[in-house]
Amino acid sequence: MKVRLLGPLELTDGPVTLRLPGEKLRATVAALALSPNRPVSRSDLIDELWGEDLPRNAENSLHGHVARLRRIIDTHTGKDNLRDLIRTSSFGYMLSLPENDIDASLFCNLTRQAATLHRSAPGQAIPLLNQALALWRGPALLDTGQGLISRMAYTRLTETRLTAYEYLFDAELRLGRHREIVTELHPLHARYPLRERFCEQLITALYRSGRQAEALDVYHRTRRRLADNLGLEPGDALREQFERVLRREPLTV
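Residues numbered from 1 in each chain as written. Predicted model: local features only at pLDDT ≥ 70, side-chain atom pairs only at ≥ 80, totals over all residues. Heavy atoms only, no water.

An unreviewed UniProt entry annotates the protein as AfsR/SARP family transcriptional regulator originating from Streptomyces liliiviolaceus. Database annotation for the protein, UniProt heading Sequence similarities (unreviewed entry): "Belongs to the AfsR/DnrI/RedD regulatory family." (UniProt positions renumbered as here; feature names shortened; annotations may be inferred.)

Participant: What's the story with the overall build of the protein in this structure? I'm lost.
Facilitator: Looking only at helices and strands, the protein has 10 helices and 6 strands in total. A globule of 253 residues ought to have a C-alpha radius of gyration of about 18 Å, yet the protein, at 23 Å, is considerably larger. A total of 253 residues make up the protein; the buried ones form 50% of that total. Look at the contacts in the protein between residues 6 or more apart in sequence, and 62% of them connect residues 24 or more apart. Of note, the protein has its 36 positive side-chain charges centred 2 Å away from the centre of its 32 negative side-chain charges. (Helix = DSSP H or I, 4+ residues; strand = E, 2+ residues; numbered from the N terminus. Rg over C-alpha atoms; globule rule 2.2 N^0.38 Å. Buried < 20%, exposed > 50% of the residue type's maximum accessible area, 1.4 Å probe, protein only. Contact = heavy atoms within 4.5 Å. Lys, Arg positive; Asp, Glu negative; His and termini not counted. Charge placed at Lys NZ, Arg CZ, Asp CG, Glu CD.)

Participant: It is not clear to me how the sheet that holds strand 4 (residues 40–41) should be interpreted in this structure. Could you clarify?
Facilitator: With antiparallel pairing, the 3 strands of this open sheet are ordered in space as 4-6-5. Two strands lie at the open edges of the sheet, namely strand 4 and strand 5 (86–88), each paired on one side alone. Both strand 5 and strand 6 (residues 92–95) contribute to a ladder of 3 bridges, which runs antiparallel. Note on strand 6: the bridge partner recorded for T88 is Y93. Each of strand 4, strand 5 and strand 6 is contacted by helix 1 (residues 23–33), which is oriented at about 75 degrees to strand 6, the strand it contacts most. (Pairing = 2+ DSSP bridges. Axes fitted to C-alpha atoms, helices over the stretch in contact; angles between N-to-C directions.)

Participant: Any chance you could explain the side chain of S150 here in plain terms?
Facilitator: Assignment of secondary structure puts S150 in helix 6 (residues 148–174). Accessibility expressed as a relative area gives 3% for S150, which makes it buried. Setting aside chain neighbours within four positions, we find S150 in contact with A30, E48, L141, T144 and G145.

Participant: Before we go on, may I ask you to explain the pairing of strand 2 (residues 10–13) in this structure?
Facilitator: Note on strand geometry: in a regular strand, side chains alternate between the two faces of the sheet. On strand 2, burial covers both faces: E10 and T12 on one face and L11 and D13 on the other are all buried. Relative to strand 2, strand 1 (residues 2–4) is paired through 3 bridges, and the arrangement is antiparallel. Within the sheet, the bridge partner assigned to R4 lies in strand 2 and is E10. In this structure, the hairpin formed by strand 1 and strand 2 is closed by a connection of 5 residues, where G7 is found at a positive phi of approximately 140 degrees. Bridge count between strand 2 and strand 3 (residues 16–18): 3 bridges; the pairing is antiparallel. If you follow T12 over to strand 3, its bridge partner there is T17. Counting the residues that bridge the hairpin from strand 2 to strand 3 gives 2 residues, and of these G14 lies at a positive phi of roughly 65 degrees.

Participant: Looking at this structure, I do not really get the side chain of Q241. What am I missing?
Facilitator: Relative to the assigned elements, Q241 resides in helix 10 (residues 236–246). Excluding its chain neighbours within four sequence positions, the residues that come into contact with Q241 are C199, E200, I203, T204 and L251.

Participant: Is there a simple way to think about the nonpolar core in this case?
Facilitator: Generally speaking, a soluble globular protein has its nonpolar side chains buried in company with each other. In terms of nonpolar packing, the biggest core is built from 56 residues, with V3, L5, L11, L20, L95, F107 and L157 touching the most fellow members. Of all elements in the fold, only helix 1, helix 2 (42–50), helix 3 (58–77), strand 6, helix 4 (103–115), helix 5 (122–133) and helix 6 reach the threshold of two or more residues within this core. In terms of residues, this core owes the most to one element, helix 1, which gives 7 residues. Sequence-distant contacts of L5, defined by excluding residues within four places in its chain, comprise A30, A33, L34, I102, D103, A104, R137, A140 and L141. L188, A205, Y207 and V245 belong to the second largest nonpolar core, which has 22 residues in total. (Core = buried A, V, L, I, M, F, W, Y, C linked by side-chain atoms within 4.5 Å.)

Participant: Mind showing me how you'd approach helix 6 here?
Facilitator: Because the α-helix completes a turn every 3.6 residues, residues three or four places apart line up on one side. Taking 1.5 Å per residue as the helical rise, helix 6 with its 27 residues ought to reach 39 Å, and the 39 Å between its terminal C-alpha atoms agrees with that figure. Among the residues trailing helix 6, G176 stands out with phi positive, at a value near 75 degrees. (Expected span 1.5 Å × (residues − 1).)

Participant: Explanation requested: the pairing of strand 6 in the structure shown.
Facilitator: Examined bridge by bridge, strand 4 and strand 6 share 2 bridges and lie antiparallel to one another. Residue pairing across strands places S41 opposite G92, the latter belonging to strand 6. A loop of 3 residues connects strand 5 with strand 6, the two strands running antiparallel in sequence.

Below, the structure is given as structure tokens:
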């Protein structure tokens, strides 16, 4: 069994794909899958599913949701042994599954591996990062509700995804693939115009491609947005890069 959180929540078992009916069932799986092989307390799960709008007997309602979840999994997979996938303890419930069978965990593990390689061994980092980023099918935890666990995980995973792109572009630039990544960097910089690292990478890719005027324009547009939205000037790294472009000096990564 695999759990997919990087997009609409799905459970897969070989060729069988199960999309759970009901936001609360999906929220239960997501909360457990974000802490695999570690019990999640009943109180945390109750808060995730209902917040302040508690049912009359929240613990019984939670137990009912878990029981229904187990039945659905058994019915759709035809494997009674998967009943042990969600285990009960005196503390709460636990998803018993290898970390890398959960796409969010696999994504984070691959990104961590690449983080140690993208500068020293970019050719080894790039396949790891491409594999990690290919796991995404849409916004993380797209249909798991607005509980605290899901909201915090969404923020963390989204930030890690952007960092993975930064590692990828750093590695590509180190291998001299500046022309190839310009078309990938443009939409990311447009979507996250205040993220200075994307700006630095786009300037580097454009400048190395002989497009100095466009590189300077990217800097000026970013500077205006930082001033208008945050009341800030560009950071030291971005300002230094701008000055190097003006002086027509080589840009390193």
